[in-house]
There are 2 protein chains.
Amino acid sequence: MPATAPAKVVLSDKFEAFSDHWRPKIVGELNGHEVKVVKFEGTFVWHAHEREDELFLGWRGRFRVEFRDRTIEVGPGEFIVVPHGVEHRTAADEEAEVVIFEPARTRNTGDVTDARLTAPGDERL
Amino acid sequence: MPATAPAKVVLSDKFEAFSDHWRPKIVGELNGHEVKVVKFEGTFVWHAHEREDELFLGWRGRFRVEFRDRTIEVGPGEFIVVPHGVEHRTAADEEAEVVIFEPARTRNTGDVTDARLTAPGDERL
C-alpha cells in the first residue's frame, strides 16, 4: 500500500481492543493533533489544560463533564469542547466510550499529577 | 451561563438542520481547528490540500474516499485521515452524513476552484 493511501480506522474495533479506564489510546493523528479513544468509569480528577482546548465526543454510554459551576451530560453523538484554562472533571456512573480530539502530547490530567490517573499519553492502538 | 461552561453539540440536531450537499457547516472550534458537518451525495471534485490534513468520520450512510491508486469505503463509526498533499475525491451513491475535522479556513475543494462545489467555508450551525 503506498504511503498516499491511508487506512481507515474502525472505532468499534479500537474500543474492543482494551478494557482499562481513563487511559487514552492514540488512534489517529493530523496537523499536530491526536484522535484518542478512552473508556470512562468512575470520577476523574479536577484539572485544567494551560494551552490546549479539548474535545470529548460521546460514542457509547453517557458521561458527565463537570465544571465548577455546572455539569454537562454527554451521550452518544454529542460532543463538548472544553476551552484551555477551564477547570473540569469527567465522570461516568457506568462505563462510557469516548473519542477525544486534542493537541498531540496533551496530558490527560493537565496541570495535575495523579499517581493513579495520569496516563503515559503515548499509548497507541 | 458563564463563559467557562461551554454548551454541548448534538450531532443529529445539526444534521437535521440542513439538507444541501457538499457544503460543510462549522459546529465546533478548538485550537485553530474546526469541526464541521456535511452531507455527501454524488461525486466531489479531485483536489488536494497543500498544508492541511483532513479527517472524515462517517456518521450515517456510507461514502468513499477515492485516491488515484485505490478507494476506501467509510461507514458509520469509521474515520480516515487524508494527509496534506494527497489528491483525493469523496463520493456517495446515497446520501451520507459526515463529520470533518480540519484546520480553520480549510477550503473544501483545496487547490481547485469549482463553481458548483467550492463552498463558502464560513457557514455555521
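Keep in mind the model is a prediction, meaning the values are calculated, not measured.

Visitor: How should I be thinking about the pattern of salt bridges in this particular structure?
Guide: It is possible for side chains of opposite charge to pair when their charged atoms get near one another. Residues and elements named next belong to chain A. Throughout the structure, instances matching the rule amount to 30 salt bridges over all chains. A salt bridge links Asp20 to Lys25, with the nearest nitrogen and oxygen atoms 2.9 Å apart. By relative accessible area, Lys25 is classed as buried at 4%. In this structure, Arg124 and Glu29 form a salt bridge, with 2.8 Å as the shortest nitrogen-oxygen distance. Placement of Arg124 in the segment after strand S8 (89-103) and of Glu29 in strand S2 (residues 25-30) is noted, with a sequence separation of 95 residues between them. Assessed through its relative accessible area of 46%, Glu29 is described here as partly exposed. One network of salt bridges, in which partners are shared, links Asp20, Arg23, Lys25 and Glu123.

Visitor: Explain unusual backbone geometry here, please?
Guide: Negative phi characterises most residues that are not glycine, and trans characterises most peptide bonds. Unusually for a residue other than glycine, Trp22 of chain A sits at a positive phi of about 70°. Mapped onto the secondary structure, Trp22 of chain A falls in the loop between helix H1 (11-16) and S2. With a phi angle near 70°, Arg105 of chain B is a residue other than glycine that sits in the positive phi range. Structurally, the position occupied by Arg105 of chain B is in the segment after strand S8 (88-103).

Visitor: How should I be thinking about the pairing of strand S4 (residues 54-60) of chain B in this particular structure?
Guide: Looking down a regular strand, the side chains alternate between one sheet face and the other. Residue and element names in this part refer to chain B. Burial of S4 is extensive: five of the seven residues sit out of reach of the surface. Here S4 pairs with strand S7 (residues 78-82) via four bridges, running antiparallel. Across the sheet, the residue bridging to Leu57 is Phe79, located in S7. The sheet contact formed by S4 and S8 spans five bridges and is antiparallel. Residue pairing in the sheet places Gly58 in a bridge with Val98 of S8.

Conventions and cut-offs
Counting restarts for each chain, with residues numbered from 1 along the sequence as it is written. Lettering for chains starts from A, numbering for ligands starts from 1, and both go in the order in which the items are written. Totals for whole chains, interfaces and linings use every residue, but because this is a predicted model, local features are given only for residues with pLDDT of at least 70 and side-chain atom pairs only at 80 or more, for both listing and counting. To get the side-chain values, all heavy atoms of the structure are used, and hydrogens and water are removed first. Salt bridge, as applied in this entry: a Lys or Arg side-chain nitrogen positioned within 4 Å of an Asp or Glu carboxyl oxygen. Throughout this description, buried means an accessible area under 20% of the type-specific maximum (1.4 Å probe, protein chains only), exposed means over 50%, and partly exposed covers the range between. Each helix corresponds to a stretch of at least 4 residues labelled H or I by DSSP, and each strand to a stretch of at least 2 residues labelled E; elements are numbered beginning at the N terminus. DSSP bridges decide pairing: two strands pair if at least two such bridges lie between them.

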